[in-house]
Structure formats: C-alpha cells, structure tokens
Amino acid sequence: MSDLIQKLKWRYATKKMNPAKAVPQEKVDRILEAIRLTATSSGLQPYEVLVVTNAEIREKIKAIGWNQAQITEGSHLLVFAAWDNYTAERINMMFDLTNDERGFKNEGWENYRNMLLSTYPARDAETNYQHAARQAYIGLGTALVAAAEEQVDSTPMEGFDPAALDDILGLRAKGLRSVVILPLGYREEDKDWLVNLKKVRRPTAKFVTEVK
C-alpha cells in the first residue's frame, strides 16, 4: 500500500504528453481490466469504455475538446460513455449474465431484479442517464489509480462538447452518451509546466472526519 501511495503522489493531470512514446498494449489492457472489475450500483455496469487510437478521429475530438493537446499527444484516449436510459432489456441482460456465470438462480437475487425492473425503467431517461454517468465516474477513479500503478500518465477531462463527441463516435445509435474522457500517455517532462510543482491537497484533518 505504501508503494501505491507513492505512485498516487507521482501522478498528476499531465499537461504535456510525449507523442513519440506510446503506452504498451499490455499496460492499457490492465488498466481496462481494472475498470471492468470496478464497482457499479447493483452490478449493472451501465457504461462502456471506448479506446480511441485513430489519429484522425482524435483530431476531431480535440477540435471539440477545447483543443487540449493531450487528446492527440497521448497514445490512447479512453471515452467513458453511459447508458442513455435503463430499460428492462438492459437490466435483464446483466441479471441473466450473472445467473449464467454463477450457474444457479437465487430467490433473493430474482426479487432484487424485479424491484429494479419496477423502479428504474419507470423513471425519466435523464434521471437514469445521470445515475449511469455517476457509475462511469467510479470507473474513471479506478482508471486513474490503475494508470498510476502502471506509471502511465493520464489526464481526466470534462472539457468537451458531449453532443459533438456523441456524433463523432456514433454513441446515440448505441444508446450511449459520453460522460468523461481520459488520455493515456507519458509526460514530456521538459515541456510540462506542472511536472515539478508540488502536489497540493487539503490536509487530512480538514478532509477526513471521523464519526465515532
């Protein structure tokens, strides 16, 4: 754990990535696997991750992403895209998958399925999307930690036009909406103004409250 803390102290929101240095695929795969294994509400995994390496597409995304250079200078761009709504089909898909993988059905689990089926699809689509988007942020947090563990630089971004990104990647046709993006790459230390600045966080005493 002390090693992980040191790596989290090492990571920062990289401002200048080295376009000549690509993240090895095995590192990207481990970061993606960490995201896949992370927690979501009711285990529904109501989002997907798109891995964009195509240079032309990343240029288009950069143009609607405030021209942030990391989008094209990093070797991989992760796009977290949440379900646009909860439907009975989507909920049943995850419950059926769980039953198939575990090889049995559980009465309590089926009762929980029915509770969700009676609650989630009846809500409006925007409420459901916002709930799904919050699950994507859990995945983002895991990605940041996993990237630090791999000593891969990453820069989480909300600064983009979601509707335009949805169009570029054809997300709406897949029932998805973009939430947040994460370039992966390696810092170009001699050109990054932030790399040697001290990481500043609120002290623990002013951040953590213990209720005993």
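Everything discussed here concerns the structure shown above.
Predicted model only: the values in this text are computed from it and were never measured. (Residues numbered from 1 in each chain as written. Predicted model: local features only at pLDDT ≥ 70, side-chain atom pairs only at ≥ 80, totals over all residues. Heavy atoms only, no water.)

Trainee: When you look at the side chain of Ser 154 in this model, what are you seeing that I'm missing?
Mentor: Topologically, Ser 154 is positioned in strand β3 (residues 153-154). We classify Ser 154 as buried; its relative accessible area is 2%. (Helix = DSSP H or I, 4+ residues; strand = E, 2+ residues; numbered from the N terminus. Buried < 20%, exposed > 50% of the residue type's maximum accessible area, 1.4 Å probe, protein only.)

Trainee: What am I meant to see in the pattern of salt bridges here?
Mentor: For side chains bearing opposite charge, pairing can occur when the charged atoms are close. Tallying each qualifying case throughout the model produces 15 salt bridges. The closest approach of N and O atoms between Glu 73 and Lys 16, which form a salt bridge, is 3.4 Å. Taken together, the residues Glu 73 in helix α4 (residues 70-73) and Lys 16 in the loop between α1 (2-10) and α2 (25-37) connect sequence positions 57 residues apart. For Lys 16, a relative accessible area of 17% translates into the label buried. Measuring nitrogen to oxygen at the nearest pair gives 3.0 Å for the salt bridge that ties Arg 113 to Asp 96. Here the residue Arg 113 occupies a position in helix α6 (residues 107-119), and Asp 96 occupies one in helix α5 (residues 88-102), the gap between them amounting to 17 residues. In this structure, a network of salt bridges that share partners links the residues Lys 16, Glu 73, Glu 188 and Lys 191. (Salt bridge = Lys/Arg side-chain N within 4 Å of Asp/Glu carboxyl O.)

Trainee: I would appreciate a short explanation of the nonpolar core in the present structure.
Mentor: Here is a general trend for soluble globular proteins: nonpolar side chains tend to be buried in one another's company. In terms of nonpolar packing, the biggest core is built from 45 residues, with Ile 31, Val 79, Phe 80, Ile 181, Leu 182 and Leu 184 touching the most fellow members. If you list the elements that add at least two residues to this core, you get α2, β1 (47-52), β2 (76-83), α5, α7 (125-149), α8 (162-169) and β4 (176-185). The element that contributes the greatest number of residues to this core is α7, accounting for nine residues. (Core = buried A, V, L, I, M, F, W, Y, C linked by side-chain atoms within 4.5 Å.)

Trainee: Hey, could you run me through α7 in this one?
Mentor: Since one α-helical turn is 3.6 residues long, residues separated by three or four positions face the same way. For α7, which comprises 25 residues, the first-to-last C-alpha distance of 36 Å matches the rise-based estimate of 36 Å (1.5 Å per residue) to within 8%. In this structure Asp 124 caps α7, since a side-chain oxygen of it lies 3.2 Å from the backbone nitrogen of Glu 126. At the C-terminal side of α7, Gln 151 shows a positive phi close to 55°. (Expected span 1.5 Å × (residues − 1). Polar contact = N/O pair within 3.5 Å; in protein donor to acceptor, adjacent residues only side chain to side chain.)

Trainee: I would appreciate a short explanation of the packing of aromatic side chains in the present structure.
Mentor: Two aromatic rings are characterised by how far apart their centres lie and by the angle between their planes. Applying the stated rule across the entire model yields six aromatic pairs. Here Trp 109 and Tyr 112 contribute two aromatic rings whose centre-to-centre distance is 6.3 Å and whose plane-to-plane angle is 25°, an arrangement assigned as stacked. Here Trp 109 and its partner Tyr 112 are both found in helix α6, three residues apart, which amounts to about one turn of the helix. Classification of Trp 109 as partly exposed rests on a relative accessible area of 22%. The class of Tyr 112 is partly exposed, set by a relative accessible area of 31%. Ring pairing ties together the aromatic residues Trp 83, Tyr 86 and Tyr 120, which thus form one cluster. Cation over ring: Arg 123 sits above Tyr 120, and NZ or CZ is 4.2 Å from the ring centre. (Phe/Tyr/Trp six-rings, centres within 6.5 Å; stacked < 30°, edge-to-face > 60°. Lys NZ or Arg CZ within 6 Å of the ring centre and 35° of its normal.)

Trainee: Explanation requested: the environment of Asn 111 in the structure shown.
Mentor: Among the secondary structure elements, Asn 111 is positioned in helix α6. Among the residues examined, Asn 111 registers a relative accessible area of 46% and is labelled partly exposed. Residues Asn 111 and Glu 26, spaced 85 residues apart in sequence, show a C-alpha to C-alpha distance of 40 Å.

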